[in-house]
Amino acid sequence: MKAFSSRLSRRTFLKQNSLAGLGVALASSSVAALPAIGSKSAQVPAILGGPPAWAEDKWPIWPQWNPATDEKQLLEVVRSGVWSRANVVTQFEKEWAAALNVKRSLAVVNGTNALVIAINQLGIGAGDEVLVPPYTFIASVSSILSNGAMPVFVDIDAETFQIDPAKIEAKITPRTKAIMAVHVLGLPVDMDRIMAIAQKHKLLVIEDACQAHLAEYDKKKVGTIGNVGCFSFQNSKNLPIGEGGAIVSNDEHFMDLCYSYHNFGNPYGTAVGSVSTGSVMPGTKLRFSEYQAAIGLAQLKRLDAQTTTRNENAAYLKSLIKDIPGIVPYKLYDKVNRGAFHLFAFRYHKDGFKGLSRENFIKAVKAEGVPCMSGYSTLNTQPFLGETFKSENYRRMYPKEMLDINQYNEQNKCPVNDQICNEEAVWLTQNMLLGTREDMKAIASAIEKVHHNVDKIKTLGQK
Ligand SMILES: *Cc1c(COP(=O)(O)O)cnc(C)c1O
């Protein structure tokens, strides 16, 4: 909601201020005049009619597609008429597993259902609790509810934006079955501490790596450290196929069960029942298709190099903005070897900007031609939870007191997350990190310009 409404206000803002809008459109001609970082730009900020720091339309487009290298296999698939799951899906699964150095990968319809299948085949359901951070996409939580289980929110670490390991043990009850480690923003969770807690309390670990393709913790790819990892190939993700997802694990029997479940419960590998024919277990149909796999194979070829670029640019941008008062970029845990940087995030402290609200800070930076947004709103307070608890299904599965939404809200407060969502977080999207060093300088320059001219920008807001 937050991100959506800030997008709306951007449009409204442009309508109301045609001069600033024109400035964005004409930006490319003024790029050469970009001041050096640290010069405390004396230029008029774009929101006040000055030349913007960068032209919005110059950011790398997403997704990327190169007909010369990407279309051969896709066309072969389309012309073959074999469109349902067959050899190309298998090839994609093999290459994805190899990229992660994990034994098995199963491609499925999307990341949401990768999580649904994984939770289901770990045997998590009615009456079970799953620990999950509130700073994530809704699918992390809805996949728990789809299985009839109960999400229990664990607050986040403000510096890393990730689930705070120090707050996990207080939330464990006899019903707790699993921890969902969401590598949100594409930055690895503190997996050593997660795995230690899981081992101590005999909990399963589900890694939601839907934003974290090729991210690495302690020389292991994220998604391969817990019992199961889930990925998304939705259009905005670092490996974009439009729609798609994958489950990965080193547990071959578990992967056979996932395969069977995603294909009507038909026998697969070691997932066989006592009879030789027919469905051997409950299942559904969540299969990937051949042309999706062909697109995935094309995208996979550029993923590693793109990930390197994102890491280099993120580190450079971080170094450029970290000393601007009021700007606190993401922190990585010590054992992180590589991020995926699905998003570049920093905390905005308005005290460093003479009280300028985050909303107006974002408007001013966007006017400079640098798209940014405030990101997630608080997931643990959204109406879908109470509505689920009112359902007949949930009333049959849980004692009344567990479905009391007021009591639930009381027990699931996450004040750090509230602060991050409601006041502090600012995001840049991953495609911007595929730009040049000049692009990174432009981002820093835009923020510096707003900082330097904050008195004037504040006056604008008061009119
Ligand atoms: C995108 C995403 C999902 C869901 O993936 P889809 O492919 O969109 O269904 C789940 N969890 C997180 C953290 C995500 O970012």
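Worth saying up front: this structure is predicted, and the values here are computed from it rather than measured. (Residues numbered from 1 in each chain as written. Predicted model: local features only at pLDDT ≥ 70, side-chain atom pairs only at ≥ 80, totals over all residues. Heavy atoms only, no water.)

Colleague: It is not clear to me how the overall build of the chain should be interpreted in this structure. Could you clarify?
Modeller: Of regular secondary structure, the chain possesses 16 helices and 13 strands. Out of the 463 residues belonging to the chain, those deemed buried represent 57%. In the chain, 71% of the contacts between residues at least 6 apart in sequence involve partners at least 24 apart. When the accessible surface of the chain is split by element, carbon and sulfur atoms take 53% of a total near 19500 Å². (Helix = DSSP H or I, 4+ residues; strand = E, 2+ residues; numbered from the N terminus. Buried < 20%, exposed > 50% of the residue type's maximum accessible area, 1.4 Å probe, protein only. Contact = heavy atoms within 4.5 Å. Areas by Shrake-Rupley, 256 points an atom, 1.4 Å probe, with all protein chains shown as cover.)

Colleague: Help me understand a nonpolar patch on the surface in this model?
Modeller: A contiguous nonpolar surface patch, about 290 Å² in accessible area, is contributed by V78, W83 and Y291. Tracing the chain through its elements places W83 in the loop between α3 (67-80) and α4 (87-100). Here W83 falls in the partly exposed class, since its relative accessible area comes to 43%. (Patch = residues over 30% accessible without salt bridge, like charges linked within 9 Å, V, L, I, M, F, W, Y side chains within 5 Å. Salt bridge = Lys/Arg side-chain N within 4 Å of Asp/Glu carboxyl O.)

Colleague: Please clarify how the packing of aromatic side chains should be interpreted in this entry.
Modeller: In this description, a pair of aromatic rings is defined by centroid distance and the angle of the planes. Going through the model one piece at a time under the given rule, you end up with 20 aromatic pairs. Ring centres 6.4 Å apart and planes at 80° place the aromatic pair Y135 and W427 in the edge-to-face group. You can see Y135 sitting in the loop between β2 (129-132) and α6 (139-146) and its partner W427 sitting in strand β13 (residues 425-429), a full 292 residues away along the chain. Of the two residues, Y135 and W427, both sit in the buried class. Between F389 and Y408, the aromatic rings sit 4.9 Å apart at their centres with planes inclined by 75°, giving edge-to-face as the arrangement. (Phe/Tyr/Trp six-rings, centres within 6.5 Å; stacked < 30°, edge-to-face > 60°.)

Colleague: Looking at this structure, how should I read the pairing of β2?
Modeller: On β2, burial covers both faces: E129 and L131 on one face and V130 and V132 on the other are all buried. Relative to strand β3 (residues 150-153), β2 runs parallel, the two being bridged by four bridges. Within the sheet, the bridge partner assigned to V130 lies in β3 and is P151. Crossover connection from β2 via α6 to parallel β3: handedness right-handed. Both β2 and strand β4 (residues 176-182) contribute to a ladder of three bridges, which runs parallel. Its bridge partner lying in β4, E129 is registered against T176. (Pairing = 2+ DSSP bridges. Right-handed = clockwise from strand over helix to strand, strands pointing away.)

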